[in-house]
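# Observations on the model geometry
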Amino acid sequence: MMTNIISPLRKTLLAASIALCLSSNLSAAETPEAGANKPLPLQEIRQFTDVYAAVKAFYVDEKQTGDRQLLENALAGMLSALDPHSAFLDKEAFEELKEGTEGEFGGLGLEVTMDASGVLVIAPIDDTPAARAGIRAGDIIVKIDDQATRAMTLSENVKLMRGKPKTKIHLIVARKGEDKPLNFTITRDIIKVQSVKMKELKDGIAYIRISQFQEHTANDLAKYLIELKKKNHLKGLVLDLRNDPGGLLNAAVGVVATFIGENEVVVSTKGRTPEANRSFKTRPSDYLNYNQDPDDDWVARVPKEVKTMPMVVLINAASASASEIVSGALQDHKRAKIIGQQSFGKGSVQTVLPLRPLDGGEPTTGIKLTTSRYYTPSGRSIQAKGISPDIEIADTAEGNYATFNIREADLAHHLKSEEEKKAFEKKQKEENKKQAKDTEQPQVRYFFGDDNDFPLQQAVKILKGEKYLTGFEPKSNKDTKKSAALTEKNKQKH
C-alpha cells in the first residue's frame, strides 16, 4: 500500500506499510480552508491542558512525562483513532518510511497494520526471515518478546520488530484454524526486496511476480518483457500480485502503462481538497519518479505485442492498495482476466505531511493522514470491498487457507460510507456462514510460482483455453491421497 511524503522543496513519492501514494503540494501549514475560519474549540483545549497538567504533576513515573514525549503521544492517539492508516511518524518512523521504497531495510520482512487484537500481518515479504519462518497473511502477532502488542501503537510494535541483523526475536501468533497460539523465534536480517521476479513456463507463457511496488518496479518489469520478446517468449503472461501489499502509486501506474495504451485512466482520487481530486493516467508524467531521467523510461520501449498478448492476473485477500489499483485498472479496461480471491479492499489515500521542527531545518517527523479515496477507471470504490476476481480460484485443490481471509473491512475503525457499510455487512454475514462450514485447513503448502502452485497451474490452463479447476469441486478419496502425496513431496523439497 502506499503513501506520499511532501517536502517543502520537492515532491517525493515514498511507500509505507499499507498506504497509497498521492502526489500533491499540500504542506503541514496548508490545511483545508474549510477549517481556517472556524473558532478554536476553547473548552476542549482547556480540558486538554488540564489533563496535561495533571499528568505532569501527579503521574507516578516522572521519566515518562517529558513535554516532547507527552505531546507526541497525544498526536499519536489523535491520529490512530481516525482509521487504521493515519498515524504520527516520529523520527524513526519517518526515516523508515523512506527505506521502504529503496528495497533494503533491517527487520523481519512483514507488512503489518494495527488491529484490535494486536498486530495484523497483511503479508510476509517474499524471501525474508518472516516468510521463511512460516508467518502467514492474516496472522495476529499477540506478543513480541513477551510484550503485549495490543498495549502499544503500531509504531512502537514496528520498532520492536526492527533491530540489528543476526539478533533474534520471539513472536507469539494467533492464527485462524489453530486452537493454540503459535511460537516463532526469528533471526532479524537486512531485508533486500526484489520487487519483480520472472520465470519462463512452457508453451511461450511467462510468469512474472511483483511482491511490492517500488521505485524501479515498472522499469524492471519492462526490461523483463523486452528480454522475453527477444526470446520469442510472449504468447501469454501470468502476472502474480498475491500477497503484494502495495507500494508506490507511480509504480502501479507504470505497470498498467506497460500493458495498455497511452493516456488511459488508471486510477482517480477524491477527497476534501482540490489537490486530493485528480486522475492518474498511463503517461510518463504520472509514472516516472520525480528525479528520473525521461531517457531511462523503459516502459515506453516495451514492444507493442505486450499490449495485446493474453494475460491473467492472480490476486488474493492479501493483495492490497497498489495491487488493487493494477488489477482493477486491467479489469476495467478488459485487458486481463483477474483470477483468485477477492482482494484486501484498501482503497484510501494517505498523504505524509512533514512537521516543521521548532529549531528550523529539514523535517524529521510528520503525520500520515488519510486524505481521499481512490476509484478504478469505471468509478468503482474498492474501500472495504476489494477487487472481485473474474474467476474465483481457491488457494489449493482442497480449498482456501483460512488465514488469508482477513481484509480491510475486518480492521477496527476502517473507513466506510453508509452505503458501503450496509452492503458489506450483508456480504460479511454470508461469508461468515460460508467460512463456518469450512473449518478444515488444506494440507498442501507451496511457494508462489513453484511446481505445486495450484492457482498458477489454473492460470496457465485459462490462458491456453483448457479446462481448469477452482478448488471448490467435491473431493474424492483419490483426490485426498493425491493431496497427501503432494504434501510429502513439498516437505522434502523445501
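Residues numbered from 1 in each chain as written. Predicted model: local features only at pLDDT ≥ 70, side-chain atom pairs only at ≥ 80, totals over all residues. Heavy atoms only, no water.

## With respect to the overall build of the chain
Helices and strands together make up the secondary structure of the chain, namely 12 helices and 21 strands. Considering the chain as a whole, with its 494 residues, one finds that 51% of them fall into the buried category. Contacts in the chain between residues at least 24 apart in sequence constitute 71% of all its contacts with a sequence separation of at least 6. Carbon and sulfur atoms form 52% of the exposed surface of the chain, whose accessible area is close to 24200 Å². (Helix = DSSP H or I, 4+ residues; strand = E, 2+ residues; numbered from the N terminus. Buried < 20%, exposed > 50% of the residue type's maximum accessible area, 1.4 Å probe, protein only. Contact = heavy atoms within 4.5 Å. Areas by Shrake-Rupley, 256 points an atom, 1.4 Å probe, with all protein chains shown as cover.)

## Observations concerning the confidence of the model for the chain
Averaged over every residue, the pLDDT of the chain is 82; the share at 70 or more is 79%. This model gives residues 435-439 a pLDDT under 50, and the stretch forms two contacts once residues within four places in sequence are excluded. pLDDT under 50 marks residues 489-494. Its contacts with residues more than four places away, or in other chains, come to eight contacts. (pLDDT = per-residue confidence, 0-100.)

## Looking at the environment of M78
Here M78 is to be found in helix α2 (residues 67-80). Taking the C-alpha atoms as reference, M78 lies 8.7 Å from F88; in sequence the two are 10 residues apart.

## A closer look at the nonpolar core
Counting residues in each nonpolar core, the largest one holds 47 residues, and the members touching the most others are F213, L225, L239, F259, V313, V326 and L330. If you list the elements that add at least two residues to this core, you get β13 (205-210), α6 (217-230), β14 (236-240), α7 (249-259), β15 (265-271), β17 (311-315) and α9 (322-332). Among the elements that make up this core, the one with the highest residue count is α7 (eight residues). Here L225 is in contact with I208, L234, L237, T258, F259, V306 and M309, once residues within four sequence places are set aside. Core analysis: the second largest hydrophobic core is formed by 18 residues, L108, V121, A130 and I169 among them. (Core = buried A, V, L, I, M, F, W, Y, C linked by side-chain atoms within 4.5 Å.)

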